[in-house]
Amino acid sequence: MRVVIVTESFPPDVNGVAHCATQTVNHLLRRGHEPLVVAPAAPGAPPGSPFGTNGPCPVLRVRSLPLPGYPQVRVALPSRRVAAALSAYRAELVHLASPFVLGARGMAAAARLGIPAVAVYQTDLAGYARMYVGAGEGTAWRRIRTVHSAADRTLAPSTAARDELTRHGVPRVHLWPRGVDTVRFRPEHADSALRRRLAPNGELIVGYVGRLAPEKRVDLLAGVCGLDGVRVVVVGDGPSEPSLRAALPGAAFLGRRTGAELARIFASLDLFVHTGPYETFCQTVQEAMASGVPVVAPAAGGPLDLVRHGHTGLLLPPDDPAAVRDAVWALTADPALRAAYGRAGRAAVGGRTWEAVGDRLIEHYGAVLDGRTAVAA
């Protein structure tokens, strides 16, 4: 099957959209399909395919500009190359990864050419509008509804996201969660030397991994920094880093980390805390669970599907710094409970491999193509 993946982000970007698009390409290649990626161009983007031994995958880069105030995010400029690529590649299906700007153009081109399209919802753009500008939430939802309603099927990563899309009038919404690499992320990768460097006095290591941006609410860890015997470790980069360095005294900022190095960091944590309430899924929660690390997360969005409260971790009221501090303090005092949560978390993600999730995606593709065939008949 020739699948064109039109994505708002792709490596070298490091974020959930880029990661999911990469895993989708890898799985399609493993299953003998022929993907083409269309993505915004980025400074330093490698030419051609970044997938090495996973197989050849052409990547079409569309000119883009950095988002003002957040240069890590790039927005594709208007281009006729998207429609030309779909036609020249003889695409059988278009996969829209978090469509909003480039994905909207991909959807329009697919509709003109009569190519079936699957839209994958990944980013809470309405929540971001509310967070960043205090307005525009309705406009964002109108845009989301327009793009996704044109697709044959919309795939939501969590029940919360599926229900939200349905409430806002998006039709034909189905559930498609995300996978996790349970070989890369596993408890055995804990690094005692790394732990000694991060916590030389034997402190309990509490980690956050992700973008450093206002919507992630990493500032909620300020109270945790004041707890005796606790060391906060922050992994990631973004526009909020300068203010967070001031707000989180004593925290270790490690910058962006990926691959095996990130896996060692995850496995070396005693506790993982995610603070942002706008996650449609929250991949880092899964990676922490696969690493055997107990999780504290807000009872909102994607974590509601991932964290079983009182079994694999704790779910807290969103945006509540006292709740974050108190949860961390309670788990600091109970190593047996932390260990039990960690074991249960690892067991919970055992069947959520990218291979299993990728096969479910291909089933969604098949259902869409079958539906088009039935209509044509």
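Remember, predicted model here, so these are calculated numbers, not experimental data. (Residues numbered from 1 in each chain as written. Predicted model: local features only at pLDDT ≥ 70, side-chain atom pairs only at ≥ 80, totals over all residues. Heavy atoms only, no water.)

**Points about the packing of aromatic side chains**
Part 1 of the argument: Scanning the model with the defined rule gives three aromatic pairs in all.
Part 2 of the argument: Seen in terms of ring centroids, Tyr121 and Trp141 are 6.5 Å apart; in terms of plane orientation they differ by 25°. Their pairing is stacked. Placement of Tyr121 in the loop between strand S7 (117-120) and helix H4 (125-133) and of Trp141 in helix H5 (residues 137-150) is noted, with a sequence separation of 20 residues between them. Here Tyr121 and Trp141 have matching classes, each one buried.
Part 3 of the argument: Each ring, one from Phe185 and one from Phe266, has its centre 5.6 Å from the other, and the planes form 85°; the classification is edge-to-face. Placement of the pair is Phe185 in the loop between strand S9 (173-175) and helix H7 (192-198) and Phe266 in helix H10 (residues 259-268), with a sequence separation of 81 residues.
Part 4 of the argument: In textbook terms, an aromatic cluster arises when at least three aromatic residues are bridged by ring pairs, as seen for Phe185, Phe266 and Phe272.
Part 5 of the argument: In this structure, Arg143 packs its charged tip against the face of Phe100, placed 5.5 Å from the ring centre. (Phe/Tyr/Trp six-rings, centres within 6.5 Å; stacked < 30°, edge-to-face > 60°. Helix = DSSP H or I, 4+ residues; strand = E, 2+ residues; numbered from the N terminus. Buried < 20%, exposed > 50% of the residue type's maximum accessible area, 1.4 Å probe, protein only. Lys NZ or Arg CZ within 6 Å of the ring centre and 35° of its normal.)

**Brief notes about the state of the cysteines**
Part 1 of the argument: One pass over the structure, following the stated rule, counts zero disulfides.
Part 2 of the argument: In this model Cys20 remains outside any disulfide bridge; the closest cysteine sulfur is found in Cys282, 14 Å from its own. (Disulfide = S-S within 2.5 Å.)

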